[in-house]
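Letter by letter, the chains look like this.
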Amino acid sequence: MHLGTEGFVDHAKHALQDAPLQEALHLLTTHFAPRRVEAMAALGNAEELRTQARAIKEHTIAHLDRYLEQFVAQLTRLGVQVHWADDAAEARAIITSIAEGVNAKVVVKGKSMTTEEIELNGHLEAEGYTVVETDLGEYIIQLAGEAPSHIIAPAIHKTRKQIAELLHDKLQTPYTEVIPEMTQIARRSLRQQFLRADVGITGVNFAIAETGSVVIVTNEGNGRLSSTMPKVHVAVMGMEKVIPRLADLSVMLKVLTNSATGQKISSYVTMMTGPRRSHDLDGPEALHVVILDNGRTSILRSANREALYCLRCGACLNVCPIYQNIGGHAYGWVYPGPIGAVLTPLLVGLEGASDLPRASTLCGACREACPVKINIPHMLLQLRQELVETKGGSHWSEKRLFSLWAWMMQRPRWYGWATKLAALAHVPLAREGWVGKLPPPFHGWTQSRDFKAPAAMSFRQRWQQTLQHESETVGEPRQ
Amino acid sequence: MSTQEVFLSRIRRALQGRADTPHAAHGEAALPASILESAEAIRARLHHQRAALVARLQDELRAVGGQVVWVKSAAEATRYVTQLAREYEADLVVRWEDDLLKMLEVDAALQEQGVEVRTAAPPLEDPEAMAEQRRNLRDLLARADIGLSGADYVIAETGTLALSTLPGQMRGVSLLPPVHVAVVKPSQIVGTMADCLAMLQDEGRADLPERLTSCVSFITGPSRTGDIELSLTIGVHGPGELHLIILDDRSDTES
């Protein structure tokens, strides 16, 4: 597995120096986040919808075995071929053998994070298949040989100029920086692939247990074409994608698209129930559904179960002060941002991704933005705790410092003296209220950020004064 | 490869093993109640809101770049389609087998101005002929200039068309040609996605999975992307133009 998760700090430093990336990230944050806020406000009942969506996910995941069983029973009845994959390798083997079974040459793909997770493209290509990503963003980064940097805007890290050069270079088409022209170039090139392809692979946004339907949400139509034109459609889903009833779809769709792009609904929502029927003139003659575990059962078992409620809308990325500054690649794996900082260690193991749970200010913006109210900060703290416990605890000096702190917190007089002393000690170090460099052993704190100098008057002092002042003006002691 | 038994029993163990973990406070919220309205009840409820629904539908669909026209007669609808064909210099129109479209007699009008019109009524019995039809359809759709369809429902709240596949009503008509035109009656307008799903659920007589056809496409405006510098661009893979014709010729018994 290709993991860049251990290089987080270096990647983040590079990202901060990357001018085009910074420009793109600025664009992103000023685009998606306010749209989501506006769209949710316009709904009028966003809070109620989030509560309902959360309840649907909570309930389904708590009875996941039952709903998967129901879903698969319906699929089987409809003539869909169901495959169970314990891990990425099994999923890849299943998909490869499906392609082999129909003598496929060209495989087209709709946008899917799950197939990124199992690193499908490289393996199919190694087996000799031509694999074509058809989502415009995914197509661009495939041409560039890069990984997606955002869940729903995979090529957000590339500028228009870079993309223009890429298309000109790789497709030998006339150079243009006009976005609609670039889009038409991609349309023409990809349309040929759609018509040639033998197998279409897509992800799944929702799997409806009651009906055996697979639902795909796209804006471009890549999901529709990938699931309509080739004779075989393979839908790859994480096992957590199931929802109980057809009626639940309206709630889930609303929170998903409003959170992701601020759209009331995306251009295309495609609900497929079985392969084409005998009287249908188009649609795939065979439909395969691959249900993937790949570490999800261990999340189910853990205290971080709610990570499985994630709809992959990307809202938490857009509001995260860390993501806003470093972008997606620094996280080192397919799922970036706050939810990635949780999912990656849970799916690939904490040892390989120990920096990620620390890559957060715990400000809580992600939780506020989440359409299913996932408490990401809580899970990050839990992972940090686990890190401390498994890595044999923190440095002795840190432990000593905190036990001293605890001792002082229990002795108000000592605490008062210590804060006064600290304030005095900062006077020669501070410049305009900030300390740029602390002396050892505290220098680590100021390595990458300034330290706010303690106020001249401490809170306790001010509190005392306020009490005194009030008792003087009101003329009687407060109750 | 894993099996259903192995896979699901692992999940069961994980769900049961939950009590051993220190933070066992996972929610197990009950499903929100889903009040299943009958198609009948929805129609009765929406009947009185018709004017508001139409206004909302127009606003929403226009906001996402779709065109909405309200016509009073079949002749007017036909004129709109032939006008479009002229505008786009269309050579080939592929259309659904659909009663409403047949009633418009749009074929003759288009042919009169030199536009080829193709439909595909599937020969159900003969698999050979069926395979032939399918191949032909692919070629036709790949070069069609306009796709002409009906729709099952139109959702006012979001400006969304819901199209179910049926014999002669192909997915590709609303997907491959650069222009998609859909014709509906006012009685097909519903308020919300929830209404639409309830209608789909109640419509048929058979069990639910059979009631849903192999594909229901919910279409809201033209195909779009923001993948290059988040700049909204129309017509990536699907049609770059979507026209909805609402035919209110008072023949609509339900409205």
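Residues numbered from 1 in each chain as written. Chains lettered and ligands numbered in written order. Predicted model: local features only at pLDDT ≥ 70, side-chain atom pairs only at ≥ 80, totals over all residues.

Novice: What exactly am I supposed to notice about the overall build of chain B here?
Specialist: Within chain B, the secondary structure is distributed over nine helices and twelve strands. Based on the C-alpha atoms only, the size of chain B along its principal axes is roughly 75 × 50 × 50 Å. Going through the 255 residues of chain B one by one, you find that 44% of them count as buried. Partitioning the contacts of chain B with sequence separation of at least 6, the portion at a separation of at least 24 is 77%. (Helix = DSSP H or I, 4+ residues; strand = E, 2+ residues; numbered from the N terminus. Buried ≥ 20, exposed ≤ 12 C-beta atoms within 10 Å, placed from the backbone. Contact = placed C-beta atoms within 7 Å.)

Novice: Please clarify how the overall build of chain A should be interpreted in this entry.
Specialist: Tallying secondary structure elements over chain A gives 21 helices and 13 strands in all. When the backbone C-alpha atoms are referred to their principal axes, chain A occupies close to 90 × 50 × 45 Å. Counting across all 479 residues of chain A, residues that qualify as buried make up 49%. Taking the intrachain contacts of chain A between residues at least 6 apart in sequence as the baseline, contacts between residues at least 24 apart amount to 73%.

Novice: How should the sheet that holds strand β4 (residues 146-149) of chain B be read in this particular structure?
Specialist: All names here are of chain B. Taken in spatial order, the six strands line up as β1-β12-β7-β4-β2-β3 in an open sheet, and their pairing is parallel. A single partner strand is all that each edge strand has here, and the edge strands are β1 (67-71) and β3 (116-118). Going from strand to strand, the sheet's axes swing by 20 degrees on average, the running direction of each strand aside. Of the strand pairs in this sheet, strand β7 (residues 179-184) and strand β12 (residues 241-247) are connected by six bridges, and their pairing is parallel. By the bridge assignment for β12, Val 184 is matched with Ile 246. Across the sheet, helix α4 (residues 74-87) touches β1, β2 (92-95), β4, β7 and β12, and the angle it forms with β12 is around 165 degrees. (Pairing = 2+ DSSP bridges. Axes fitted to C-alpha atoms, helices over the stretch in contact; angles between N-to-C directions.)

Novice: Any chance you could explain the pairing of strand β6 (residues 160-164) of chain B here in plain terms?
Specialist: Note on strand geometry: in a regular strand, side chains alternate between the two faces of the sheet. Residues and elements named next belong to chain B. The buried fraction of β6 is high, at five of five residues. Here β6 shows no split at all, with Thr 160, Ala 162 and Ser 164 on one side and Leu 161 and Leu 163 on the other all buried. With antiparallel pairing between neighbouring strands as the criterion, strand β5 (residues 153-155) and β6 make up a hairpin whose turn holds four residues, including Gly 159 at a positive phi of roughly 70 degrees. Across four bridges, β6 lies against strand β9 (residues 215-219) in antiparallel orientation. Of the residues in β9, the one forming a bridge with Leu 163 is Ser 217.

Novice: What am I meant to see in the nonpolar core here?
Specialist: Most often, soluble globular proteins have nonpolar side chains that are buried together. Residue and element names in this part refer to chain A. Counting residues in hydrophobic clusters, the biggest one holds 200 residues, and the most contacted among them are Val 107, Met 252, Val 290, Cys 316 and Val 342. Here this core takes seven residues from helix α12 (residues 248-260), the largest share from any one element. Ignoring any residue separated from it by four or fewer positions in sequence, one finds Val 107 in contact with Ala 99, Leu 124, Tyr 129, Thr 130, Val 131, Ala 197, Val 199 and Ile 201. (Core = buried A, V, L, I, M, F, W, Y, C linked by C-beta atoms within 7 Å.)

Novice: Explanation requested: the interface of chain B and chain A in the structure shown.
Specialist: A common measure of how large an interface is: the accessible area buried when the components associate. Contacts between the two partners involve 69 residues from chain B, matched on the other side by 82 residues from chain A. Put simply, the parts of the chain that give the side of chain B that touches chain A at least two residues each are α1 (4-16), α7 (127-143), α8 (193-203), α9 (208-211), β9 and β10 (224-225) of chain B. The leading source of residues in the side of chain B that touches chain A is α1 of chain B, at eight residues. Of the residues belonging to the side of chain B that touches chain A, the class tally is 33 nonpolar, 27 polar and nine charged. By the bridge criterion, five bridges tie strand β9 (residues 268-273) of chain A to β9 of chain B in an arrangement that is antiparallel. Paired with Met 271 of chain A across the two strands is Val 216 of chain B, which belongs to β9 of chain B. (Nonpolar A, V, L, I, M, F, W, Y, C, P; charged D, E, K, R; others polar.)

Novice: Looking at this structure, how should I read the pairing of strand β10 (residues 286-292) of chain A?
Specialist: All names here are of chain A. Counting buried residues along β10, six of its seven residues qualify, which places the element largely inside the surrounding structure. Of the pairings in the sheet, the one linking strand β1 (residues 81-85) to β10 comprises five bridges and is parallel in character. Its bridge partner being in β10, Ala 85 is matched across the sheet by Leu 292. Relative to β10, strand β7 (residues 232-238) is paired through seven bridges, and the arrangement is parallel. Each residue of the ladder has a partner; that of Ala 235, found in β10, is Val 289.

Novice: Explain unusual backbone geometry here, please?
Specialist: All names here are of chain A. Its identity as a non-glycine residue notwithstanding, Gln 172 has a phi of 55 degrees, on the positive side. Even without glycine at this site, Lys 373 takes up a positive phi of about 55 degrees. Exposure remark for Lys 373: the 19 C-beta atoms within 10 Å place this residue in the partly exposed category.

Novice: In this structure, what is going on with the environment of Pro 230 of chain A? I would like to understand it.
Specialist: All names here are of chain A. Its place among the elements puts Pro 230 in the loop between α11 (222-228) and β7. Spatially, the C-alpha atom of Pro 230 lies 29 Å from that of Ala 164, the residues being 66 residues apart in sequence. Ignoring sequence-local partners within four residues, the contact set of Pro 230 consists of Val 108, Ala 197, Asp 198, Val 199, Gly 200 and Pro 284.

Novice: I keep staring at helix α5 (residues 88-101) of chain A and nothing clicks. Help me out?
Specialist: Quick reminder: α-helices carry 3.6 residues per turn. Residues three or four places apart thus point the same way. All names here are of chain A. For α5, spanning 14 residues, the distance from its first C-alpha to its last is 20 Å, which sits close to the expected 20 Å at 1.5 Å a residue. For α5, the set of buried residues is Ala 88, Ala 91, Arg 92, Ile 94, Ile 95, Ile 98 and Ala 99. Projection of α5 onto a plane perpendicular to its axis shows the buried side chains occupying an angular sector of 160 degrees, all on one side. Residues Ser 97, Glu 100 and Gly 101 are exposed on α5 and point more than 90 degrees away from its buried face. Taken from the residues just after α5, Asn 103 is the one with a positive phi, measuring 55 degrees. (Expected span 1.5 Å × (residues − 1). Arc of directions from axis to C-beta.)

Novice: Before we go on, may I ask you to explain the packing of helix α8 (residues 136-144) of chain A against helix α9 (residues 160-171) of chain A in this structure?
Specialist: Pairs of packed helices are described in terms of their axes, by the angle between the two and the distance that separates them. Residue and element names in this part refer to chain A. The N-to-C vectors of α8 and α9 enclose an angle of 65 degrees; their axes lie 10 Å apart at closest approach. Accordingly, the angle class assigned to the pair α8 and α9 is roughly perpendicular. Here α8 runs over α9; the crossing is left-handed. Residue-level contacts link Ile 140, Leu 143 and Ala 144 of α8 to Ile 163, Leu 166 and Lys 170 of α9. Partitioned by chemical class, the residues of the contact of α8 with α9 number five nonpolar, no polar and one charged. (Parallel < 35°, antiparallel > 145°, perpendicular 65-115°, else oblique. Left-handed = near helix turned anticlockwise from the far one by under 90°.)

Novice: Please explain the sheet that holds β10 of chain A as it appears in this structure.
Specialist: Hydrogen bonds between backbone atoms are what pair the strands of a sheet, whose relative direction is either parallel or antiparallel. Residue and element names in this part refer to chain A. The parallel open sheet is built from six strands, whose spatial order is β1-β10-β7-β4-β2-β3. The open sheet has two edge strands, β1 and β3 (130-133), and neither has a second partner. Going across the sheet, the axis of each strand differs from the next one's by a mean of 20 degrees, ignoring polarity. Direction of pairing for strand β2 (residues 106-109) relative to β3: parallel, over a ladder of four bridges. Looking at the pairing, Val 106 lines up with Thr 130 of β3.

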